[in-house]
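# Report on the structure
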Amino acid sequence: MAAIVLALAWTAAFSFPGGRAPGHLRSETAAARGGPSGEDVSLPRPVVDMAIVRESEDPGKTVNITLDDGPSPRWTPKALELLRQYKAKATFCVTGPNAAAHPDLIRRIVAEGHRLCDHSISHDSTMDHKPVAYQEKEILDAKRMIDKASGGARLWYYRAPGGAFTPQSRQIAAAHGMRNLGWNVDPSDYEQPGTNRIIRAVQQQIEKGPTVLLHDGGGNRAQSMEALGRLLPWFTERGYTFSFPEAG
């Protein structure tokens with residue numbers, strides 16, 4: 001009898017109202033409450049696939065241009081002009097504060113047929129080591145800012161800064177209709193290694209898959225823009241079609 005009372009007391013001590021653990025404990029307890037497909041039942045259910053997507057939504061020989069860390073009043077207009085010139089399309093992974101500061105650029109991105117991606121509030125590449133409540137705030141606060149800047153245009157994807165995804169952050173994004181966006185090609189253009197090195201890295205890595213990671217914000221992107229201006233016709237000459245990552 002004493003053992004039963006003890007067991008009941010232990011269970012009560014580790015119960016949470018409504019079955020939802022505090023944010024800083026969710027990641028530690030998720031496995032014990034796993035739902036279908038590894039979902040954390042303490043979080044909203046996904047409405048799109050939680051998996052990280054790198055594939056194109058179109059068949060054939062395709063390339064998905066993605067541009068991170070903007071919008072930048074200096075570099076994003078250059079990127080948009082190059083995309084227009086070469087009849088290309090791209091996905092812009094924007095931070096919440098930059099979107100709020102430059103809603104005109106966000107609306108121009110949408111108006112010119114490109115897609116938006118949530119790239120968090122503070123671009124914290126250690127998010128995967130932070131509490132789930134922190135990850136949720138980074139993603140959803142950014143979403144609110146981007147939604148306001150765009151006038152409610154669809155926010156297609158979420159890309160974790162530095163690829164710092166967790167199962168919970170992927171579920172949070174997917175519960176709000178955003179596919180989790182990875183990449184296949186990373187020329188490390190943010191390090192400003194030189195235009196030729198950026199171009200060479202993209203050309204060498206494109207065999208890995210279609211999604212190319214470049215930057216139009218977060219620093220001096222002169223090399224990135226020069227590389228983009230030379231890569232877009234290179235892709236066309238070699239029979240690539242410009243596409244978007246899968247979003248279904």
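These figures come from a predicted structure and were not determined experimentally. (Residues numbered from 1 in each chain as written. Predicted model: local features only at pLDDT ≥ 70, side-chain atom pairs only at ≥ 80, totals over all residues. Heavy atoms only, no water.)

## So, the layout of surface pockets
Space inside the largest pocket adds up to approximately 190 Å³. If you list the elements that add at least two residues to the lining of the largest pocket, you get strand S2 (62–70) and strand S7 (211–215). Across the lining of the largest pocket, the residue classes break down as 5 nonpolar, 5 polar and 5 charged. (1 Å grid on protein atoms, 1.4 Å probe; cavity = no way out; pocket = protein on both sides within 12 Å on 5 of 7 lines; lining within 4 Å. Points joined across faces, edges and corners; volume = space filled by probe spheres on them. Helix = DSSP H or I, 4+ residues; strand = E, 2+ residues; numbered from the N terminus. Nonpolar A, V, L, I, M, F, W, Y, C, P; charged D, E, K, R; others polar.)

## Looking at the nonpolar core
Core analysis: the largest hydrophobic core is formed by 46 residues, its most contacted members being Ile65, Leu67, Phe92, Val212 and Phe235. Broken down by element, the residue count for this core peaks at 7 residues, all from helix H9 (residues 222–237). In contact with Phe235, not counting residues within four places along its chain, are Val63, Ile65, Val202, Ile206, Val212, Tyr240 and Phe242. Residues Val53, Cys93, Cys117 and Trp156 belong to the second largest nonpolar core, which totals 8 residues. (Core = buried A, V, L, I, M, F, W, Y, C linked by side-chain atoms within 4.5 Å. Buried < 20%, exposed > 50% of the residue type's maximum accessible area, 1.4 Å probe, protein only. Contact = heavy atoms within 4.5 Å.)

## Some details on the confidence of the model for the chain
Overall, the predicted model of the chain reaches an average pLDDT of 88, with 85% of residues at or above 70. In this model, residues 1–34 is a region of pLDDT below 50 whose contacts with residues beyond four sequence positions or in other chains number 30 contacts. (pLDDT = per-residue confidence, 0-100.)

## Concerning the environment of Asp128
By the secondary structure assignment, Asp128 is in the loop between strand S4 (115–118) and helix H6 (132–150). With 32 residues separating them in the primary sequence, Asp128 and Ala160 have C-alpha atoms 8.9 Å apart. Here Asp128 is in contact with Ala164, Phe165 and Thr166, once residues within four sequence places are set aside.

## Considering helix H8 (residues 195–205)
Three or more residues of H8 are buried, namely Thr195, Ile198, Ile199, Ala201, Val202 and Gln205. Taken down its axis, H8 places every buried residue within 160 degrees of arc, on the same side. More than 90 degrees from the buried face of H8, the exposed residues found are Arg197 and Gln204. Against S7 and H9 lie the buried residues of H8. (Arc of directions from axis to C-beta.)

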